[in-house]
Number of protein chains: 2
Amino acid sequence: MSLPPRKGRPTQVDIARRAGVSQATVSLVISGGAVSDQVAESTRQAVLAAAAELGYTANVAARRLRGKRNHLLGVYTFEPVFPVDQRDFYYPFLVGVEETTAALGYDLLLFSSVTSAADRSIYAGGVNRLRIADGCVLLGRNVRRDELAALVREDFPFVFLGRRELPDGELSYVAADYVTATSDMVTTLAGYGHERILYLRAIEDTEPTLDREAGYRQGLAAAGLAVDESLIQALADPAELTAEHLEHWIGRYGATAVLIEPTEDTRLTTALDAIAATARIRFPHDCSVALLGDPPTWSPDQRDWTRFSLPRIEMGREAARMLIDLLEDRQDAPRHRSLPCSFVPGDSIGPAPSAGPS
Amino acid sequence: MSLPPRKGRPTQVDIARRAGVSQATVSLVISGGAVSDQVAESTRQAVLAAAAELGYTANVAARRLRGKRNHLLGVYTFEPVFPVDQRDFYYPFLVGVEETTAALGYDLLLFSSVTSAADRSIYAGGVNRLRIADGCVLLGRNVRRDELAALVREDFPFVFLGRRELPDGELSYVAADYVTATSDMVTTLAGYGHERILYLRAIEDTEPTLDREAGYRQGLAAAGLAVDESLIQALADPAELTAEHLEHWIGRYGATAVLIEPTEDTRLTTALDAIAATARIRFPHDCSVALLGDPPTWSPDQRDWTRFSLPRIEMGREAARMLIDLLEDRQDAPRHRSLPCSFVPGDSIGPAPSAGPS
DNA sequence: AGTTGATCTTAATACGTATTAATAAACTCG
DNA sequence: CGAGTTTATTAATACGTATTAAGATCAACT
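For clarity, every value in this text was computed on a predicted model and none was experimentally measured.

Chemist: Can you help me understand the protein's contact with DNA strand D in this one?
Modeler: Around DNA strand D, the surrounding shell holds 24 residues, and the nearest of these are Thr25(A), Gln12(B), Tyr56(B), Arg63(B) and Arg66(B). The protein-proximal atoms of DNA strand D, defined as those within 4 Å of the protein, are 64% sugar or phosphate. A distance of 2.8 Å separates a phosphate oxygen of DNA strand D from a polar backbone atom of Gln12(B). Contact between DNA strand D and Gln23(B): a base nitrogen at 3.2 Å from a side-chain N or O atom of the residue. Secondary structure elements with two or more residues in the surface near DNA strand D: α2 (23-31) of chain A together with α2 (23-31) and α4 (60-67) of chain B.

And the structure:
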């Protein structure tokens, strides 16, 4: 009896030898191409038997080289996903992606990078590792647009989690509807009688920020309020948000409510807690506060800020679905999808303080 | 002037043509092998220039095919769901595996499709899908030994997270040292004056259970206490643990302390909380309680049970390291490694109640 | 000039698969 | 029974890279 070839993983050649046929025949049987049904039933059985005995699995790299798929979906993040600490903004996306990926019969490939968050690159080492997967879900705030553009150019199938636009090429994404969510928040505040609503935005002009600003303006317009540009302030580092700052804005500009864009880390909520601790400003008595997104981690002892919450798991699911649609040619790129955020009442907004300045 | 070859992505051949050298030279320059410095500086520059102009990036598939390694580490779990939920018992293992995998230049392949399929077998469809990866880390309590044996037979490189033994073949694993941890726990209790220590074990004879039992006996022996077999009780379903049961064991067998093997779900801690809620037995006043492992989720409102804790993240790291060692031929299989557990004092043990039975 | 080295470049090959074109075998039919 | 037809199999090739052994060019030295 011929011993199984004991070196490394079995290949089609090994199967062929064992079944007494050619490699080509093995390929026909296994990958079932168009000519596949021409092969005799007896040989088919022989090949399958030999393959099973050897524990054969097709080599991913070889198939990819040949231009074939492997039912592998990649996930790449521009920031680390797996949090050792509990501050995991990106984690729920991964859960959603995994869930759908598994349900649709794909396996999930996590592209984690050795390099620190700063110089994280898809093309590290002059290679695009992502291509070993059939397609990829990308996420992260600090996206390198040049690399996104490069991916589009080499038309690698991918879906971005979050809205991203490129000057030249178009890409597919699944985003949270920040515009509507922010607008609704403004409407809610207006309903409470607020007319001077401060909006603290991130300093960079990324899409999530731009969308929130658009929503802010839209909400004001809907409420019949004029936009005062001095009520839109950029915050480079949320940690710099102090009671003094806030008092300044309240006193000088007459703000009665503030909308803040949270960061993925704990800086913002820490700063807010610090302000609340001074007892110089009470939320919502002196000033209503609403977060335009999720604070990084919900921990039980954390204040229940009024906010809206991204459907992160559902976004992950949708991204995986969309990507698989693209891969299986049910849809042409690019596709865009926005999912609604949910309103979390919380306890940090309330009626506007009576107009008279003390 | 020669136009850039307008078909798909540029390859080394394209670069070669443009720079007027051979593909081999291009490869030497780009991938900088051992012979790389023999290439003349002028040609090197020419090649690099051409590469830059064409926007060349190496093809991963080709590289990996050539390198005979996919640089993929798999993770497979015998549990019904993939531990992608943060609160899952197995999640920290995944974190550790991911971390080391990335650090050593591999990517992580989650076999979620295999896990979620109806016939959840490694060999679903007659093929061993795990072979996609270069090697695999396996997890889970309810192991299918036949499949493990099959993997060993095909000598597929894998490492099990947790001690597992097979009748015939040997396999590599990274385990928690349950024997020492349990023994130490017994020693601690003995130090508190306990002489009748009840051990509630899982009903199945899996290695983790066997190890704990061995540790229990070893600890008693070290403390100079005899083993009373009637103090070793199997618990099919932890939910069946009631105040009545416990009172029975305390009253009838004179137990003053109890060691319990936790399950991965919340059944045990729920049952214990229920008992505590009846106020018929107070821990540790009436009876000391220690868990032989981690309760599934640490939530802040949960009682701080005395227990030992597995170094799950570190185990994950070690498993990945071991597997990569095996893959890169630095080590022969099988390898075994046990990591020490850490003692968590908690508040559920105390001095033995005075001997007199009320 | 002829031999030996040193330096640089390239032809050839293997990695494992999928596919096309070609071949061999068996079968049909006039 | 040979020509044509169908059916089953395989030889040959391409995918893009890395590497080894061999070739070419030129300098140096007997």
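After that view of the structure, there is still more to cover.
Chemist: Help me out: how do you make sense of the pattern of salt bridges in this one?
Modeler: Close approach of charged atoms lets side chains of opposite charge pair. In total, this model carries 66 salt bridges over all chains according to the counting rule given. A salt bridge links Arg317(B) to Glu314(B), with the nearest nitrogen and oxygen atoms 2.7 Å apart. Note that Arg317(B) and Glu314(B) are positioned in helix α12 (residues 312-327) at a spacing of three residues, about one turn of the helix. Overall, Arg317(B) belongs to the partly exposed group, its relative accessible area being 22%. Taking relative accessible area as the criterion, Glu314(B) reaches 30% and is therefore assigned partly exposed. Among the ionic contacts, a cluster of salt bridges with common partners joins Glu99(A), Glu314(A), Arg317(A), Glu318(A), Arg321(A) and Arg337(A).

Chemist: Mind showing me how you'd approach the relation of the copies chain B and chain A here?
Modeler: Put simply, the two copies of the chain differ by a rotation about an axis and a shift along that axis. Rotating chain B by 178 degrees and moving it 0.6 Å along the rotation axis overlays it on chain A with an RMSD of 2.7 Å. These values place the two chain copies in the arrangement generated by a two-fold rotation axis. Interface residue correspondence from chain B to chain A reaches 78%, placing this contact among same-surface, isologous pairings.

Chemist: Whenever I open this one, the packing of helix α8 (residues 178-191) of chain B against helix α9 (residues 207-222) of chain B confuses me. Can you help?
Modeler: Each pair of packed helices gets described by two things: the angle between the helix axes and the distance between those axes. Residues and elements named next belong to chain B. Running from N to C, α8 and α9 point in directions that differ by 40 degrees, and their axes come no closer than 7 Å. By the criterion of interaxial angle, the relationship of α8 to α9 is oblique. Like other packed secondary-structure pairs, α8 and α9 cross with a definite hand, here right-handed. The segment α8 lies against α9, with Tyr178, Val179, Thr182, Ser183 and Val186 engaging Pro208, Asp211, Arg212, Ala214, Gly215, Tyr216, Gln218, Gly219 and Leu220.

Chemist: How should the protein's contact with DNA strand C be read in this particular structure?
Modeler: Surveying the vicinity of DNA strand C reveals 25 residues, the closest of which are Tyr56(A), Arg63(A), Arg66(A), Lys68(A) and Thr43(B). Here DNA strand C approaches the protein such that, of its atoms within 4 Å, sugar and phosphate make up 68%. Between DNA strand C and Gln23(A), the relevant distance is 3.2 Å, taken from a base nitrogen to a side-chain nitrogen or oxygen of the residue. Between DNA strand C and Gln38(B) there is a distance of 3.4 Å, counted from a sugar or linking oxygen to a backbone nitrogen or oxygen. Contributing elements (two or more residues each) for the surface near DNA strand C: α2 and α4 (60-65) of chain A together with α2 and α4 of chain B. For the surface near DNA strand C, the leading source of residues is α2(A), giving four residues. A per-class count over the surface near DNA strand C returns ten nonpolar, ten polar and five charged.

So, how was this worked out
Residues numbered from 1 in each chain as written. Chains lettered and ligands numbered in written order. Predicted model: local features only at pLDDT ≥ 70, side-chain atom pairs only at ≥ 80, totals over all residues. Heavy atoms only, no water. Near = heavy atom within 4 Å. Polar contact = N/O pair within 3.5 Å; in protein donor to acceptor, adjacent residues only side chain to side chain. Helix = DSSP H or I, 4+ residues; strand = E, 2+ residues; numbered from the N terminus. Salt bridge = Lys/Arg side-chain N within 4 Å of Asp/Glu carboxyl O. Buried < 20%, exposed > 50% of the residue type's maximum accessible area, 1.4 Å probe, protein only. Least-squares fit on C-alpha atoms with pLDDT ≥ 70 in both. Contact = heavy atoms within 4.5 Å. Axes fitted to C-alpha atoms, helices over the stretch in contact; angles between N-to-C directions. Parallel < 35°, antiparallel > 145°, perpendicular 65-115°, else oblique. Left-handed = near helix turned anticlockwise from the far one by under 90°. Nonpolar A, V, L, I, M, F, W, Y, C, P; charged D, E, K, R; others polar.

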